[in-house]
Amino acid sequence: MALKSPFTFLVLLATLWLSVPVFAAQGIPVLCYHRCGAEVKDSMTIHTKDFAAQLDWLIKNGYTVIGLDTAARYIKGEIKSIPSKSIVITADDGHKSVYSDMAPIIKKYKVPVTLFIYPSAISNAKYAMTWDQLRELEATKLFHVESHTYWHPNFKREKKTLSKEEYEKSVHAQLYKSKATLEKKMGHGIKYLAWPFGIYDKDLLVKAKEAGYDMAFSIDNHHMKAGIDNMAQPRYMIIDGYNLKRLESISSGKEDK
Ligand SMILES: [Zn+2]
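Residues numbered from 1 in each chain as written. Predicted model: local features only at pLDDT ≥ 70, side-chain atom pairs only at ≥ 80, totals over all residues. Heavy atoms only, no water.

A. Seen up close, the overall build of the chain. On a plain count of helices and strands, the chain comes out with nine helices and 10 strands. Radius of gyration (C-alpha) of the chain: 20 Å, near the 18 Å computed for a compact globule of 257 residues. Taken along the three principal axes of its C-alpha coordinates, the chain extends 75 × 50 × 35 Å. Buried residues in the chain amount to 46% of all 257 residues. A separation threshold of at least 6 residues defines the contact pool for the chain, and within that pool the share at least 24 residues apart is 65%. When the accessible surface of the chain is split by element, carbon and sulfur atoms take 57% of a total near 13300 Å². (Helix = DSSP H or I, 4+ residues; strand = E, 2+ residues; numbered from the N terminus. Rg over C-alpha atoms; globule rule 2.2 N^0.38 Å. Buried < 20%, exposed > 50% of the residue type's maximum accessible area, 1.4 Å probe, protein only. Contact = heavy atoms within 4.5 Å. Areas by Shrake-Rupley, 256 points an atom, 1.4 Å probe, with all protein chains shown as cover.)

Here it is, written out as structure tokens:
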């Protein structure tokens, strides 16, 4: 088609623009925490004071902590806008320090947090919270529980060591049993999944969708955004030793390359 005038060209551009679905343009940093403590024995534990300082820094620097569900719905185009400096907080594994150390700080700042939980540990492993504690946290309306598979397997290792049949059976159990158990214990639907150790592959992404998860999360150190596979939306793992400058670098998108 020959463009007869600049006007025709502009009309064509406008028509094209209007016919294209409007995708969410803004990427969102999703932080992934694990444990807090007065003593730091491993890199996955951050000092409780550092966690408080990080939250304080985010709020004082104009960030709005939004819920994971809000972020997911925005990325899927179901919500039109979110605050320009939106950020999401998640904590994996259900460690008891979430209850003892993180929760008082979260309650002080009144921000939403998603807890990715693998049910086999809850009310069972020494290091983990109990079902009652999880329900108590959810009753604050600040915490929300989602799935981290059933017992936190290493799918990469399992794929190598198990027979094809055993592996398929394991994947099925990890995805379905976790969802069903959490829904029964917490009394609400489970929509989101965090991949254990951040491990996933093409086949797992399909399986997670089939199991009924709306979105799944890795730790690929990028902002979540439209255009990335919704079964592998990235998060930033926050580990011991990250200072406020590093947090600024992550939150502002400088590391989202
Ligand atoms: Zn984990």
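Now that the structure is up, let's keep going.
B. Fine view of the side chain of His 152. With respect to the element layout, His 152 can be found in the loop between strand 7 (143–147) and helix 6 (155–161). Once residues lying within four places of it in the same chain are set aside, the contact partners of His 152 are Asp 93, Tyr 118, Gln 174, Pro 196 and Phe 197.

C. The pattern of salt bridges, seen in detail. Enumeration over the complete set of coordinates arrives at 16 salt bridges. Between Asp 56 and Lys 60 there is a salt bridge, with its nearest N and O atoms 2.8 Å apart. Placement of the pair is Asp 56 and Lys 60 together in helix 2 (residues 48–60), with a separation of four residues, close to one helical turn. The exposure class of Asp 56 is partly exposed, given its relative accessible area of 22%. For Lys 60, a relative accessible area of 66% puts it in the exposed group. For Lys 76, the salt bridge is made with Asp 214, and the minimal N-O distance between the two is 3.3 Å. One end of the pair, Lys 76, is in the loop between helix 3 (68–75) and strand 5 (86–92); the other, Asp 214, is in the loop between helix 8 (202–210) and strand 9 (215–217), with 138 residues separating them in the sequence. Each of Asp 69, Arg 73, Lys 76, Glu 78, Lys 191 and Asp 214 takes part in a single network of salt bridges with overlapping partners. (Salt bridge = Lys/Arg side-chain N within 4 Å of Asp/Glu carboxyl O.)

D. Region of interest: the confidence of the model for the chain. Overall, the prediction assigns the chain a mean pLDDT of 93, with 91% of residues at 70 or greater. Confidence over residues 16–22 falls short of pLDDT 50; this stretch has zero contacts with residues more than four positions distant or in other chains. (pLDDT = per-residue confidence, 0-100.)

E. Structural detail: the packing of aromatic side chains. Under the definition given, this model contains seven aromatic pairs. For the pair Tyr 192 and Phe 217, a centre-to-centre distance of 6.3 Å together with 70° between the ring planes defines the contact as edge-to-face. Remark: Phe 217 occurs in strand 9 and Tyr 192 occurs in strand 8 (residues 192–194); sequence separation between them is 25 residues. Residue classification places Tyr 192 among the buried residues on the basis of a relative accessible area of 3%. Classification of Phe 217 as buried rests on a relative accessible area of 0%. Aromatic rings pair up to connect Phe 116, Tyr 192 and Phe 217 into one cluster. The ring of Tyr 63 carries Lys 85 above its face, with NZ or CZ at 4.7 Å from the centroid. (Phe/Tyr/Trp six-rings, centres within 6.5 Å; stacked < 30°, edge-to-face > 60°. Lys NZ or Arg CZ within 6 Å of the ring centre and 35° of its normal.)

F. Quick look at helix 4 (residues 96–109). For helix 4, which comprises 14 residues, the first-to-last C-alpha distance of 20 Å matches the rise-based estimate of 20 Å (1.5 Å per residue) to within 8%. Those residues of helix 4 lying buried are Ser 97, Val 98, Asp 101, Met 102, Ala 103, Ile 105, Ile 106 and Tyr 109. Phi for Lys 110, located one or two positions after helix 4, is positive at around 50°. (Expected span 1.5 Å × (residues − 1).)

G. Molecular detail of the coordination of the zinc ion. At this site the zinc ion is bound by Asp 93 (OD), His 148 (NE2) and His 152 (NE2), with donor distances of 2.1 Å. In primary sequence terms, the donor set of the zinc ion follows D-x54-H-x3-H. Linking Asp 93 in the loop between strand 5 and helix 4 with His 152 in the loop between strand 7 and helix 6, this pair joins segments that are 59 residues apart in sequence. Residue classification places Asp 93 among the buried positions, given a relative accessible area of 12%. (Donors = N, O, S within 2.8 Å, 3.2 Å for Na, K, Ca; no water.)

H. Just helix 3, in detail. When we look at burial in helix 3, the residues that qualify are Leu 68, Ala 71, Ala 72, Tyr 74 and Ile 75. Mapping the buried residues of helix 3 onto a view down its axis gives an arc of 160°, with all of them on the same face. Immediately beyond the C-terminal end of helix 3, within one or two residues, lies Gly 77, with a positive phi of roughly 85°. (Arc of directions from axis to C-beta.)

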